[in-house]
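# Structure at a glance
Residues per chain, in single letters:
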Amino acid sequence: MKNVDTKNLVLAIFLTLVVVAVWEYFIGQPMQRRQELAAQQQQQIQQQQQAAQPQQPQAAAPATGSGSNVPGVTSGQQQFGSRDAAVEASQRVQIDSQRLIGSINLTGGLIDDLALRGYRETLDPNSPNVKLFSPRGTPIQAADHHTIVENHGPYFTYSGWKTAPGANLKVPGLDTVWTAKSTAPLSSTSPVQLDWDNGQGLVFHRTISIDTDRSQTGWLVPEAGDELPATALDLPRQNLPKDEQGSGAKPIGGFLFTIKDSVENKGTAPVQLAQTSYIARIGTPTVGGYSVLHEGLIGRFSGTQVETTYKSLDPEKPVDHANATGWLGFTDKYWANALVPDPTATFDGKFEVGTVNGVQTYVASMLRPEQTVAPGSTYEVSTGLFSGAKEVATLSYYDEKTKVDNLSYLIDWGYLWFITKPLFRLIEILFHLFGNFGLAILGTTVILKLFFFPLANRSYESMSKMKKVQPEMQKIKDQFPDDKMKQQQATMALYKEQKINPLSGCLPMLFQIPVFFALYKVLFVTIEMRQAPFFGWIHDLSAPDPTTIFNLFGLVPWSPPAQLMVGFWVILMGCTMFIQMQLNPAPPDPTQAMMFRYMPIVFTYMLAAFPAGLVIYYCWNNSLSILQQTLIMKKNGAKIELWDNLKSIFIKKKTPDGSRVDA
């Protein structure tokens, strides 16, 4: 290795480590976590099947009224063969609003059957609506995370009361059968009212509504008919089947319930009660495991963001925040369910996990301060429940209207939020202009190119000047063949004389790396990109290119494994990256030259699993860079090395001794 320059070798090793680290961070670790979760979920399914008795199980024991009692969530619960069977097993009041469908379970007064209008599980317009909640007894099912359907078992919200220790007082629980005043479905204009008498002088009332005016409790939310502002994103209209599409702006909101619990004391003695609410999720859901995205329990406690993964939650150490304000719940990649009390209300928030019948059960709960209800008086508490899609415009609108502490933080914008959010807004504006997210991404690339043009122009000019002084640099090497120090001193003097900055070629890449990651974040976490089509076979810019070269892009009737899914767009990206690198002179160091030669192949395979929108951006960005660099090199009279470098790769020449070397 006598011809190997030490600095070039270090650079080659560094670039290799960068490629390996990026691959491990974005692909290797998430894949390993998904496999671990899939194995854990399969084990839970087997344990659930073993726990289910062939005969009719006994009814669940009466609830104690403790809202955060994890074992009480599932213990003794009857298991059903399907989600539909679990829904049909109890009396219900239907939910039929503009954006949500489902039902309220009169047993427990639970919201445990909820699905989204306009969001389908797959690209098939006839596929089922995305499920937000499922009743107790729903079988846990193995998941295919590529369909972005995270909910595969019982998942519901509960609202109730907790008594003082030792009080001999009946309060409504999970098995309490409520009476509905009307059988009319719950909608934005028609709330549902439930009642239950404990036979001890207390009458409990529950009113459930969707996006109604709560100004009496300090809330101010959109009323029925409110629409997105003209400048906001009219989405997710591309997710709607043709018969559900319409014209005009899509109504804002539609995802915020109000659960108003009250207790009327008709007795002769005062009682002490504390209102409690929780969201329970039975079974560990399959998550992507991506380090750039949080999926799990999430909360905002007195201005502090708290995020806890399913794996990190310790049964012996629940996450507890006393006397806090804010909200808490669960977040998936695109959907969320969160308890959202009045912004000024205080509560004790808790994240906990327990194992019941071998099945992990996760609970996000809040307990209000205990209150004394005097005879002849009524005590009332309102709790919001956000259940829906994490739409940027909708969450921002709720932040503005309800004054909640950053409910929009349900969207994981990441540490580069100051780049990610403006980048999303730019794509949003261009989407309105072009009507296609793929074209919006291409337009965003052009704007970013113009933004970075002065920096890139200076870089390419410096590179062109370096090409022009290559003969002088070779003379320096010939003049001091064995003295590296003098070579460097003479080279730096030459750079100073010709006003060349050798580091300027790296500056555009350093500045564009954060933008690249920010765009990856936008494409990955925002639901507006979900199932957004481009042209041809790209029907979802947030998913990888579905084609692969290993079956000749669909010509061969064979479905390769996920590791071999290397699509057309990522191959085109690799080609543009290869051409861009060949515009520059080949590095004199053989190791570095080999590294640069194979780097496009490594990146092609590495980016194959990335969202198609990001690959299209990278491909288009490379193409613009090739055009820009070529024009600047011609302007400065520098030689374009493309054809010479291609010849050195594919055409060999003979040395006087008959051996073949690079041309």
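Reading guide: rules and limits
- Residues numbered from 1 in each chain as written.
- Predicted model: local features only at pLDDT ≥ 70, side-chain atom pairs only at ≥ 80, totals over all residues.
- Heavy atoms only, no water.
- UniProt positions renumbered as here; feature names shortened; annotations may be inferred.
- Helix = DSSP H or I, 4+ residues; strand = E, 2+ residues; numbered from the N terminus.
- Buried < 20%, exposed > 50% of the residue type's maximum accessible area, 1.4 Å probe, protein only.
- Contact = heavy atoms within 4.5 Å.
- Areas by Shrake-Rupley, 256 points an atom, 1.4 Å probe, with all protein chains shown as cover.
- Pairing = 2+ DSSP bridges.
- Expected span 1.5 Å × (residues − 1).
- Arc of directions from axis to C-beta.
- Salt bridge = Lys/Arg side-chain N within 4 Å of Asp/Glu carboxyl O.
- Polar contact = N/O pair within 3.5 Å; in protein donor to acceptor, adjacent residues only side chain to side chain.
- Phe/Tyr/Trp six-rings, centres within 6.5 Å; stacked < 30°, edge-to-face > 60°.
- Lys NZ or Arg CZ within 6 Å of the ring centre and 35° of its normal.
- pLDDT = per-residue confidence, 0-100.
- Axes fitted to C-alpha atoms, helices over the stretch in contact; angles between N-to-C directions.
- Parallel < 35°, antiparallel > 145°, perpendicular 65-115°, else oblique.
- Left-handed = near helix turned anticlockwise from the far one by under 90°.
- Core = buried A, V, L, I, M, F, W, Y, C linked by side-chain atoms within 4.5 Å.

- The name given to the protein chain in an unreviewed UniProt entry is Membrane protein insertase YidC, and the organism recorded there is Labrys miyagiensis.
- Per UniProt, the comment on the protein chain under Subunit (unreviewed entry) is "Interacts with the Sec translocase complex via SecD. Specifically interacts with transmembrane segments of nascent integral membrane proteins during membrane integration."

### Thoughts on the overall build of the protein chain
- Across its full length, the protein chain holds 14 helices and 21 strands.
- Every one of the 663 residues in the protein chain was classed for burial, and the buried ones make up 51%.
- Long-range contacts, defined here as pairs at least 24 residues apart, represent 69% of the contacts in the protein chain between residues at least 6 apart.
- Total accessible area on the protein chain stands at roughly 30,900 Å², and carbon and sulfur atoms take up 58% of it.

### Looking at the pairing of strand 8 (residues 202–210)
- Across the nine residues that make up strand 8, a large majority, eight, are buried.
- In this structure, strand 7 (residues 192–197) lies alongside strand 8, joined through six bridges in antiparallel fashion. Each bridged residue has a counterpart across the sheet, and for Trp196 the counterpart in strand 8 is Phe204.
- Linking two consecutive strands that pair antiparallel, namely strand 7 and strand 8, is a turn of four residues; a positive phi of about 75 degrees is found at Gly199 within it.
- Judged from the nine bridges that link them, strand 8 and strand 9 (residues 256–265) form a sheet pairing that is antiparallel. Bridge pairing in strand 9 links Val203 to Glu264.

### Digging into helix 9 (residues 484–498)
- Taking 1.5 Å of rise per residue, the 15 residues of helix 9 would be expected to cover 21 Å, and the 21 Å separating its terminal C-alpha atoms lies within 8% of that figure.
- For helix 9, every residue scored as buried is listed here: Gln487, Thr491, Leu494 and Tyr495. Buried residues of helix 9 fall within an arc of 100 degrees about the axis and therefore sit on the same side. Of the residues in helix 9, the exposed ones pointing more than 90 degrees away from the buried face are Met485, Gln489, Lys496 and Glu497.

### Considerations on the pattern of salt bridges
- Tallying each qualifying case throughout the model produces 10 salt bridges.
- Asp96 is the partner of Arg117 in a salt bridge, and the nearest nitrogen-oxygen pair spans 2.2 Å. Of this pair, Arg117 sits in strand 3 (residues 110–120) while Asp96 sits in strand 1 (residues 92–96), placing them 21 residues apart in sequence.
- Under the relative-accessibility criterion, Arg117 is labelled partly exposed at 31%.
- By relative accessible area, which is 41% here, Asp96 ends up partly exposed.
- In this structure, the salt-bridge partner of Arg425 is Glu428, at a minimum N-O distance of 3.0 Å. Of this pair, Arg425 and Glu428 both sit in helix 5 (residues 417–434), three residues apart, roughly one helical turn.
- In this structure Glu428 comes out as buried when scored by relative accessible area, which is 5%.

### Things to note about helix 6 (residues 437–451)
- For helix 6, which comprises 15 residues, the first-to-last C-alpha distance of 21 Å matches the rise-based estimate of 21 Å (1.5 Å per residue) to within 8%.
- Among the residues making up helix 6, those that are buried are Phe437, Gly438, Ala440, Ile441, Leu442, Gly443, Thr444, Thr445, Leu448 and Lys449.
- The opening residue of helix 6 is Asn436, an N-cap whose side-chain oxygen sits 2.7 Å from the backbone nitrogen of Gly438.

### Concerning the packing of aromatic side chains
- Scanning all chains against the criterion turns up 28 aromatic pairs.
- Ring geometry for Tyr310 and Tyr362: centres 4.9 Å apart, planes at 75 degrees, overall edge-to-face. Of this pair, Tyr310 sits in the loop between strand 12 (304–308) and strand 13 (319–324) while Tyr362 sits in strand 17 (residues 359–367), placing them 52 residues apart in sequence. By the burial criterion, Tyr310 is buried, and Tyr362 matches it.
- Within the aromatic cluster, the residues linked to one another by ring pairs are Phe534, Phe535, Trp537, Phe553, Phe568 and Trp569.
- The ring of Tyr155 is capped by Arg281, whose NZ or CZ atom sits 4.2 Å from the centre of that ring.
- Its end group placed over the ring of Phe524, Lys333 keeps NZ or CZ at 3.8 Å from the ring centre.

### Details of the confidence of the model for the protein chain
- Per-chain confidence: the protein chain averages 79 in pLDDT, with 75% of residues scoring 70 or above.
- Between residues 145–149, whose pLDDT stays under 50, and residues either more than four places distant or in other chains, the model counts 15 contacts.

### Remarks on unusual backbone geometry
- Backbone geometry at Lys403 places phi at a positive 65 degrees, although glycine is not the residue there.
- Looking at the element boundaries, Lys403 is found in the loop between helix 4 (392–402) and helix 5.
- Backbone geometry places Asn406, a non-glycine residue, at a positive phi of 55 degrees.
- Tracing the sequence through the fold places Asn406 in the loop between helix 4 and helix 5.
- Relative accessible area serves as the criterion here: at 25%, Asn406 is assigned to the partly exposed category.

### Some details on the packing of helix 8 (residues 470–479) against helix 9
- Two numbers describe how helix 8 lies on helix 9: the axes approach to 9 Å, and their chain directions differ by 155 degrees. The angle between helix 8 and helix 9 places the two elements in the roughly antiparallel class. The chirality of how helix 8 crosses helix 9 is right-handed. Residue-level inspection shows Glu472, Met473, Ile476 and Lys477 of helix 8 in contact with helix 9, the latter providing Gln487, Ala490, Thr491, Leu494 and Tyr495.

### With respect to the environment of Phe437
- Looking at the element boundaries, Phe437 is found in helix 6.
- Look at Phe437 and you get buried, because its relative accessible area is 2%.

### Here's the deal with the side chain of Ser387
- Locating Ser387 in the fold gives a position in strand 19 (residues 378–389).
- Using a relative accessible area of 0% as the deciding quantity, one classes Ser387 as buried.
- Of note is the side chain of Ser387, whose polar atom sits 2.8 Å from the side chain of Asn337.
- Once you skip the residues sitting within four places of it in the chain, Ser387 turns out to touch Leu100, Leu114, Leu132, Phe133, Phe255, Phe257, Ala336 and Asn337.

### A short note on the nonpolar core
- Phe257 and Phe386 are the most contacted members of the largest nonpolar core, which has 117 residues in total.
- Element by element, the count of residues in this core is highest for helix 10 (residues 507–525), at nine residues.
- Core analysis: the next-biggest nonpolar cluster, separate from the first, contains 10 residues, Leu110, Leu174, Val359 and Val363 among them.

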